[in-house]
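Residue-level structural notes
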Amino acid sequence: MRRLFEVLEKEGKILVSKSLSLDKDRATLPTLIAALFYDLSTDKEIKIPSLGEKRERELRDLIRKGKKPVALFVDEAHDLHYSTLTGLKRLIEVVEDGGGTLSVVLAGHPKLKNDLRRPTMEEIGYRATVFSLEGIVGNQREYIEWLVSKCTIEDTHISDILSVEAIDLLAMRLRTPLQIEQHLTLAFEAAYLFGEKPVTTAIIESVLSKQIDDLEPTLTRTK
């Protein structure tokens, strides 16, 4: 998402804005509108009207004066309240009525996609284009090999560090880069303490979280 934002900003064909609010579960439509004002306004002192009607009118005029399409990026969007999502749809329509173009790029956990598919959210969901990024799923082994190669000196063979069986076990049990990095660190520490080289499946088994495949963490990664 950061790359996409930087590319669009560098090209200059689209004006980009990003919400920096940390409390996404408390972020409201005025919060996101404020992000647009801060990023699009050229005034040294930015004054955002407190009254909704005046605020939306000034934002509409601001986007129209920019003479370029605008993209608003919102990360952790799975925490946004449904009323905020509905408000964004209406804001897009207000901007279009004023002769401008506003697109909203929402990035979040799979929960966001599932929420947009709910019947109660079809007003927004049917207007959204959903892209699913599966990360390294299906390529865990390649990621492990790449990661180890980046952390070792040249001409180091991964088989000298991790046994083939240990790599297979890690690739089978882990799904995300964070999981792999954490468990590789734990495995190397344990192997060092036990004086074993390369890291074996026994070492991997000893450091793998027993709860990693439990229902709750699995749902957290996929819901």
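Everything in this summary refers to the structure shown in the same document.

A word on the overall build of the protein. Per the secondary structure count, the protein includes 11 helices and 3 strands. Helices and strands appear in the protein in the N-to-C order α-β-α-α-β-α-β-α-α-α-α-α-α-α. A compact globule built from 223 residues should have a C-alpha radius of gyration of about 17 Å, whereas the protein, at 23 Å, is more than 25% larger. Judged by the C-alpha coordinates and their principal axes, the protein covers about 70 × 40 × 25 Å. A burial count over the protein gives 32% of its 223 residues as buried. For the protein, contacts bridging at least 24 residues in sequence account for 67% of all contacts bridging at least 6.

Summed over all chains, the structure comprises 11 salt bridges. With its nearest N and O atoms 2.8 Å apart, the salt bridge here joins Arg64 to Asp61. Of this pair, Arg64 and Asp61 both sit in helix α3 (residues 52-66), separated by 3 residues, roughly a single helical turn. Take Arg64: its relative accessible area is 37%, and that puts it in the partly exposed class.

An α-helical turn contains 3.6 residues, so any two residues separated by three or four positions project in the same direction. What helix α7 (residues 140-150) keeps buried is the set Gln140, Tyr143, Ile144, Leu147 and Val148. Projection of α7 onto a plane perpendicular to its axis shows the buried side chains occupying an angular sector of 130 degrees, all on one side. Against the buried residues of α7 lie α8 (164-173) and α9 (177-194).

The next point concerns the pairing of strand β2 (residues 70-74). Of all 5 residues in β2, 5 are buried; the element is thus mostly enclosed. The alternating pattern of β2 places Val70, Leu72 and Val74 and Ala71 and Phe73 on opposite faces, both of which are buried. Direction of pairing for strand β1 (residues 15-18) relative to β2: parallel, over a ladder of 4 bridges. Pairing of Leu15 across the sheet is with Val70, part of β2. With helix α4 (residues 82-97) bridging β2 and its parallel neighbour strand β3 (residues 102-106), the resulting β-α-β unit is right-handed.

Bringing the sheet that holds β1 into the picture now. Within the open sheet, the 3 strands sit side by side as β1-β2-β3. Their pairing is parallel. The open sheet has two free edges, formed respectively by β1 and β3, since each of these has just one partner strand. Across this sheet, the average inter-strand angle for adjacent strands is 20 degrees, counted without regard to direction. Its contacts with the sheet put helix α2 (residues 29-40) on β1, β2 and β3, and the angle it makes with β1 is roughly 130 degrees. Against the sheet, α4 touches β2 and β3, its axis set at about 155 degrees to β3.

About the thresholds
- Residues numbered from 1 in each chain as written.
- Predicted model: local features only at pLDDT ≥ 70, side-chain atom pairs only at ≥ 80, totals over all residues.
- Heavy atoms only, no water.
- Helix = DSSP H or I, 4+ residues; strand = E, 2+ residues; numbered from the N terminus.
- Rg over C-alpha atoms; globule rule 2.2 N^0.38 Å.
- Buried < 20%, exposed > 50% of the residue type's maximum accessible area, 1.4 Å probe, protein only.
- Contact = heavy atoms within 4.5 Å.
- Salt bridge = Lys/Arg side-chain N within 4 Å of Asp/Glu carboxyl O.
- Arc of directions from axis to C-beta.
- Pairing = 2+ DSSP bridges.
- Right-handed = clockwise from strand over helix to strand, strands pointing away.
- Axes fitted to C-alpha atoms, helices over the stretch in contact; angles between N-to-C directions.

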